[in-house]
Amino acid sequence: MDVIDNLHYFAAGGGFTLNAEERATISASLKMKADAEKMTRDGALALWGKVMGLQRDYWIASCPLISDGSGGDLLEGDNLFAKKFYYSTDMIAWLLLPDVTPDEMEFIEKITKKFTGDPAFEYSNQNEGDDANAVGAAAEGGEGGGGGGVKSVNEEKRLAGVIAQLNYEVQVVPRGAFFRDATLTIKPNPLFTGLSRSDMNQLTSYFHLREGFDINSRTLVERAGNFDETIDIFETIAKDEPKGGSWSLQVEKGGHVAVLRSLLWPGYVFFHAPSSSPSSSASGRFGSVYYGWGIKNHNIGFML
């Protein structure tokens, strides 16, 4: 769901909001970019969040990789997990983020410095002593700083890598929002109306939206409980390490909205309006936004 359409949830739950000028500029520029890219479906390009930088901030937008290339809501044959990401430093011009190789990702994961705001800025393992350019913790990768044969990456690549990490490690959906049909295809659940008031308070009711989970890895104890093989198709965030310390779950707006905050990636906020929401249009609504420095909290284990 688009961040802009759910700003009142993020403002209350995560402190993220847009002023009138930002909202108008981003909405118009994303529509123009979608038209230029021939994305014909409604909501083709949606605001994903904001990665802060020392000089300039990066606004991020996402678009599903749709089978017919039109963007927007998923259709039959679409890949649920495939997405394109665009970034902007002025909220007007949007540029496609590049692909990142595994070696580049290994290099990017070792960077602990804040983003500068310059997409062309180079991070190199040859200048570890320079505070402005140093790759954080590069020494952990040995003399070469890790990252295979990669000696440097620019900030544009780093931005793409960090967004890929965020999506894999903390992108969340409520249980039942997606289902697996008889052909083992995962689809959005059109009958999903939200979690119950009792379930919305449990971390086990929220799943990672990522591929690679083997449903057969469920234990017999888990299968004997409240288990449904059509909707229990992702990993629950309740098992994230360190257990009990990766997420903050709170119920706000008089008990009508559940808000999850990631402690692993500070700045990621997820909301869900359960089936008992006073507004019928809000029931089942969920969404997420990232608003932070793009730095993973590697010290989370020492903070508990």
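**Student:** Help me get a handle on the overall build of the chain, residues and values and all.
**Tutor:** Looking only at helices and strands, the chain has five helices and 14 strands in total. Counting all 304 residues of the chain, 47% fall into the buried class.

**Student:** Go over unusual backbone geometry, please, and point to the residues and values.
**Tutor:** Of all residues except glycine, most have a negative phi; of all peptide bonds, most are trans. A cis amide bond links Glu241 to the next residue, Pro242, at an omega of -5 degrees. One can find Pro242 in the loop between α5 (220-224) and β11 (247-252). One non-glycine residue, Met91, lies in the positive phi region at around 70 degrees. When you line up the elements, Met91 lands in the loop between β3 (83-88) and β4 (95-96). Taking the relative accessible area as the measure of exposure, Met91 reaches 16% and is therefore buried.

**Student:** So what's going on with the environment of Glu156? Which residues, and what values?
**Tutor:** Relative to the assigned elements, Glu156 resides in helix α4 (residues 155-170). The exposure class assigned to Glu156 is partly exposed, which follows from its relative accessible area of 21%. If near-sequence neighbours (up to four positions away) are discounted, Glu156 is found in contact with Tyr87, Leu96, Leu97, Pro98 and Pro119.

**Student:** Describe empty space enclosed by the protein, and please don't skip the residues or the numbers.
**Tutor:** Tallied over the entire structure, the rule returns two cavities of 30 Å³ or more. Put simply, the largest cavity is a space of about 40 Å³. Leu203, Ile237, Ala238, Asp240, Pro242, Lys243, Gly244, Gly245, Ser246 and Trp247 are the residues that line the largest cavity. Tallied by class, residues from the lining of the largest cavity come to five nonpolar, three polar and two charged.

**Student:** Give me the lowdown on the pairing of β11, citing residues and values where you can.
**Tutor:** Here β11 pairs with strand β12 (residues 257-262) via six bridges, running antiparallel. Residue pairing across strands places Val251 opposite Ala258, the latter belonging to β12. Between β11 and β12, which pair antiparallel and follow one another directly, the connecting turn spans four residues, one of which, Lys253, has a positive phi of 55 degrees.

**Student:** Outline the pattern of salt bridges, listing residues and values.
**Tutor:** In total, this model carries nine salt bridges according to the counting rule given. The residue Glu104 makes a salt bridge to Lys157 at a minimum N-O spacing of 3.1 Å. Taken together, the residues Glu104 in helix α3 (residues 102-108) and Lys157 in helix α4 connect sequence positions 53 residues apart. There is no split in this pair, since Glu104 and Lys157 are both buried.

**Student:** For the packing of aromatic side chains, give the residues involved together with the corresponding values.
**Tutor:** Applying the stated criterion to the full structure yields 12 aromatic pairs. With a centroid separation of 5.9 Å and an interplanar angle of 75 degrees, the aromatic rings of Tyr206 and Phe270 are classed as edge-to-face. Of the two residues, Tyr206 sits in strand β10 (residues 206-208) while Phe270 sits in strand β13 (residues 268-272), which places them 64 residues apart along the sequence. Assigned by exposure class, Tyr206 and Phe270 land together as buried. In this structure, Lys114 is placed above the aromatic ring of Trp293, and the distance from its NZ or CZ to the ring centre is 4.2 Å.

**Student:** Please give an account of the side chain of Ser262 that cites residues and values.
**Tutor:** Assignment of secondary structure puts Ser262 in strand β12. Of the polar contacts made by the side chain of Ser262, one reaches the backbone nitrogen of Trp265; its length is 3.0 Å. Contacts of Ser262, omitting those with residues within four sequence positions, involve Val170, Ser246, Trp247, Gly267 and Tyr268.

**Student:** Would you mind going over the sheet that holds β11 in detail, with residue names and values included?
**Tutor:** One open sheet accounts for eight strands, arranged β4-β3-β2-β1-β14-β13-β12-β11; its pairing is mixed. Pairing within the sheet leaves two strands with one partner each, and these edge strands are β4 and β11. Here strand β2 (residues 58-64) runs beside β3; their pairing, made up of six bridges, is antiparallel. Paired with Ile60 across the strands is Tyr87, a residue of β3.

**Student:** Explain the layout of surface pockets residue by residue, including any values.
**Tutor:** Taken as a whole, the second largest pocket holds about 580 Å³ of empty space. Along the walls of the second largest pocket sit 22 residues, with Phe81, Lys83, Phe85, Ala164 and Asn167 positioned nearest its centre. Elements represented by at least two residues in the lining of the second largest pocket include exactly β3 and α4. In terms of residue class, the lining of the second largest pocket is built from 14 nonpolar, three polar and five charged.

**Student:** Now, about helix α2 (residues 20-36): what can you tell me, with residues and values included?
**Tutor:** Taking 1.5 Å as the rise per residue, α2 with 17 residues should run 24 Å; its terminal C-alpha atoms sit 24 Å apart, in good agreement. Taken as a whole, α2 has its buried residues at Glu22, Ile26, Ser29, Leu30, Lys33 and Ala34. Around the axis of α2, the buried residues are gathered within 135 degrees of arc, so they sit on the same side. In α2, the exposed residues that point more than 90 degrees away from the buried face are Ala20, Glu21, Lys31 and Met32. The secondary structure elements touched by the buried residues of α2 are β1 (46-51), β2 and β3. Here α2 starts with a cap whose side-chain oxygen sits 3.1 Å from the backbone nitrogen of Glu21, and that cap is Asn19. Following α2 by one or two positions, Lys38 adopts a phi angle in the positive range, close to 60 degrees.

About the criteria used
- Residues numbered from 1 in each chain as written.
- Predicted model: local features only at pLDDT ≥ 70, side-chain atom pairs only at ≥ 80, totals over all residues.
- Heavy atoms only, no water.
- Helix = DSSP H or I, 4+ residues; strand = E, 2+ residues; numbered from the N terminus.
- Buried < 20%, exposed > 50% of the residue type's maximum accessible area, 1.4 Å probe, protein only.
- Contact = heavy atoms within 4.5 Å.
- 1 Å grid on protein atoms, 1.4 Å probe; cavity = no way out; pocket = protein on both sides within 12 Å on 5 of 7 lines; lining within 4 Å.
- Points joined across faces, edges and corners; volume = space filled by probe spheres on them.
- Nonpolar A, V, L, I, M, F, W, Y, C, P; charged D, E, K, R; others polar.
- Pairing = 2+ DSSP bridges.
- Salt bridge = Lys/Arg side-chain N within 4 Å of Asp/Glu carboxyl O.
- Phe/Tyr/Trp six-rings, centres within 6.5 Å; stacked < 30°, edge-to-face > 60°.
- Lys NZ or Arg CZ within 6 Å of the ring centre and 35° of its normal.
- Polar contact = N/O pair within 3.5 Å; in protein donor to acceptor, adjacent residues only side chain to side chain.
- Expected span 1.5 Å × (residues − 1).
- Arc of directions from axis to C-beta.

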